[in-house]
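Listed below, chain by chain, are the residues.
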Amino acid sequence: MSKKRFMRPKVSMCPVSASLNADDLADSLAETAVKSLSRPSQILQPMVARWQELSARDRLALSILGVFLLLFIGGYGGYSLHQAAHKNKAIYHEAVADYFWLRSQAGNIDSKAGQSTSAASQNPAADVTQVLTQAGINDANVVAVNGSSVQMSFSHASQAVVASVLAGLQQQGWQYDKLAINQDSTTKVLQVQGVIHQ
């Protein structure tokens, strides 16, 4: 058997002119840009032709209708945004007023008022926990310290509930040694921390 030799064809490498490639690339880019710019005009041409075919009366009516729709949509959108902003501003001012009112009440509590005539309880922490639970505050942290003193901390979203709890404890004879009330800026929840004793 004779072995056939397969010869690789010789490919002559001729240098490609860089200037020709650059010119071709520039031409193709220019052609693409012209096509992309001509597309909107191709879309608008039939519309312009249809508009020109209309009578003067129809064109006037459509113009008035377009202006009316633009004014209506813009006016209604602006009015809706204004109403929403006004409502949010009113809610914010009400929350801020409640917060500062509650803080001012915490500073004006008379430690001598509302003292109970009954003897002090044997388990003061349980008494405070019961008052908080009756008000719907179940996640309070109440710890008895130094005998009859109680350290408490709780949080609630309603300033009315917090004020009612503080007034209820005072009516039962509790005196406030320390009381701090802060409001979370994000959730608007009131956080109360205090030390009370009988």
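It should be emphasised that the depicted structure is a prediction, and the values quoted were computed from it without experimental measurement.

Participant: Tell me about the pairing of strand S2 (residues 149–156), residues and numbers included.
Facilitator: Bridge count for strand S1 (residues 141–145) against S2 is five bridges, and the pairing is antiparallel. In the sheet register, Val-143 faces S2, and the bridge partner there is Gln-151.

Participant: Tell me what's going on with the environment of Ala-140, and back it up with residues and numbers.
Facilitator: Position of Ala-140 relative to the elements: it lies in the loop between helix H3 (124–134) and S1. Classification of Ala-140 by relative accessible area gives partly exposed; the value is 27%. For the pair Ala-140 and Thr-129, spaced 11 residues apart in sequence, the C-alpha to C-alpha distance is 7.4 Å. Look past the residues within four positions of Ala-140 in its chain and what remains in contact with it is Leu-132, Ser-153 and Phe-154.

Participant: Provide a residue-level description of the nonpolar core, including the pertinent values.
Facilitator: Judged by nonpolar contacts, the single largest core of 21 residues is most densely connected at Val-128, Met-152, Phe-154, Leu-169 and Ile-196. Breaking this core down by element, the ones donating at least two residues are helix H2 (56–107), H3, S2, helix H4 (159–171), strand S3 (175–183) and strand S4 (190–197). When residues no more than four places from it in sequence are discounted, the contact partners of Ile-196 are Val-128, Ser-148, Ser-149, Val-150, Met-152, Leu-169, Trp-174, Gln-175, Tyr-176 and Asp-177.

Participant: Report on H3, specifying residues and quantitative values.
Facilitator: Side chains of residues three or four places apart in an α-helix project in the same direction, reflecting 3.6 residues per turn. Those residues of H3 that fall on the buried side of the exposure criterion are Pro-124, Ala-125, Val-128, Val-131 and Leu-132. One side of H3 holds all its buried residues, which, seen down the axis, span an arc of 125°.

Participant: So what's going on with H4? Which residues, and what values?
Facilitator: Look at H4: 18 Å from first C-alpha to last across 13 residues, which is about the 18 Å you get at 1.5 Å a residue. All buried positions along H4 are accounted for by Val-162, Val-165, Leu-166, Gly-168, Leu-169 and Gln-170. The backbone nitrogen of Ala-160 lies 3.3 Å from a side-chain oxygen of the residue at the head of H4, namely Ser-158.

Participant: Report on the packing of aromatic side chains, specifying residues and quantitative values.
Facilitator: Within the structure shown, the criterion is met by two aromatic pairs. Where Phe-72 meets Tyr-76, the ring centres are 6.3 Å apart and the plane angle is 15°; that geometry is what we call stacked. Remark: Tyr-76 and Phe-72 occur in helix H2; sequence separation between them is four residues, near one turn of the helix. Residue classification places Tyr-76 among the exposed residues on the basis of a relative accessible area of 54%. Among the aromatic residues, ring-to-ring pairing joins Phe-68, Phe-72 and Tyr-76 into one connected group.

Participant: How would you summarise the sheet that holds S2 if you had to cite specific residues and measurements?
Facilitator: Paired through backbone hydrogen bonds, the strands of a sheet run either parallel or antiparallel to each other. Strand order across the open sheet formed by four strands is S1-S2-S4-S3, with antiparallel pairing between neighbours. The sheet is open, and its two borders are formed by S1 and S3, each paired with just one other strand. The mean inter-strand angle of the sheet, taken between neighbouring strand axes irrespective of direction, is 10°. Here S2 runs beside S4; their pairing, made up of eight bridges, is antiparallel. By the bridge assignment, Ser-155 is partnered in S4 with Gln-191.

Participant: Give me the environment of Val-165: which residues, what numbers.
Facilitator: Structurally, the position occupied by Val-165 is in helix H4. Take Val-165: its relative accessible area is 2%, and that puts it in the buried class. Separated by 31 residues in the primary sequence, Val-165 and Gln-134 have C-alpha atoms spaced 9.1 Å apart. Ignoring any residue separated from it by four or fewer positions in sequence, one finds Val-165 in contact with Leu-132, Ala-135, Ile-137, Phe-154 and Tyr-176.

Participant: Report on the confidence of the model for the protein chain, specifying residues and quantitative values.
Facilitator: Within the protein chain, residue pLDDT values average 75, and 70% of them lie at 70 or more. Averaged pLDDT values over the elements of the protein chain bottom out at 66 in helix H1 (residues 18–53) and peak at 88 in S2. Note on residues 11–20: pLDDT under 50 across the span, and one contact to partners over four residues away in sequence or across chains. Segment residues 113–120 is flagged for pLDDT under 50; beyond a separation of four residues in sequence, or across chains, it makes 10 contacts in the model.

The rules behind these values
Residues numbered from 1 in each chain as written. Predicted model: local features only at pLDDT ≥ 70, side-chain atom pairs only at ≥ 80, totals over all residues. Heavy atoms only, no water. Pairing = 2+ DSSP bridges. Helix = DSSP H or I, 4+ residues; strand = E, 2+ residues; numbered from the N terminus. Buried < 20%, exposed > 50% of the residue type's maximum accessible area, 1.4 Å probe, protein only. Contact = heavy atoms within 4.5 Å. Core = buried A, V, L, I, M, F, W, Y, C linked by side-chain atoms within 4.5 Å. Arc of directions from axis to C-beta. Expected span 1.5 Å × (residues − 1). Polar contact = N/O pair within 3.5 Å; in protein donor to acceptor, adjacent residues only side chain to side chain. Phe/Tyr/Trp six-rings, centres within 6.5 Å; stacked < 30°, edge-to-face > 60°. Axes fitted to C-alpha atoms, helices over the stretch in contact; angles between N-to-C directions. pLDDT = per-residue confidence, 0-100.

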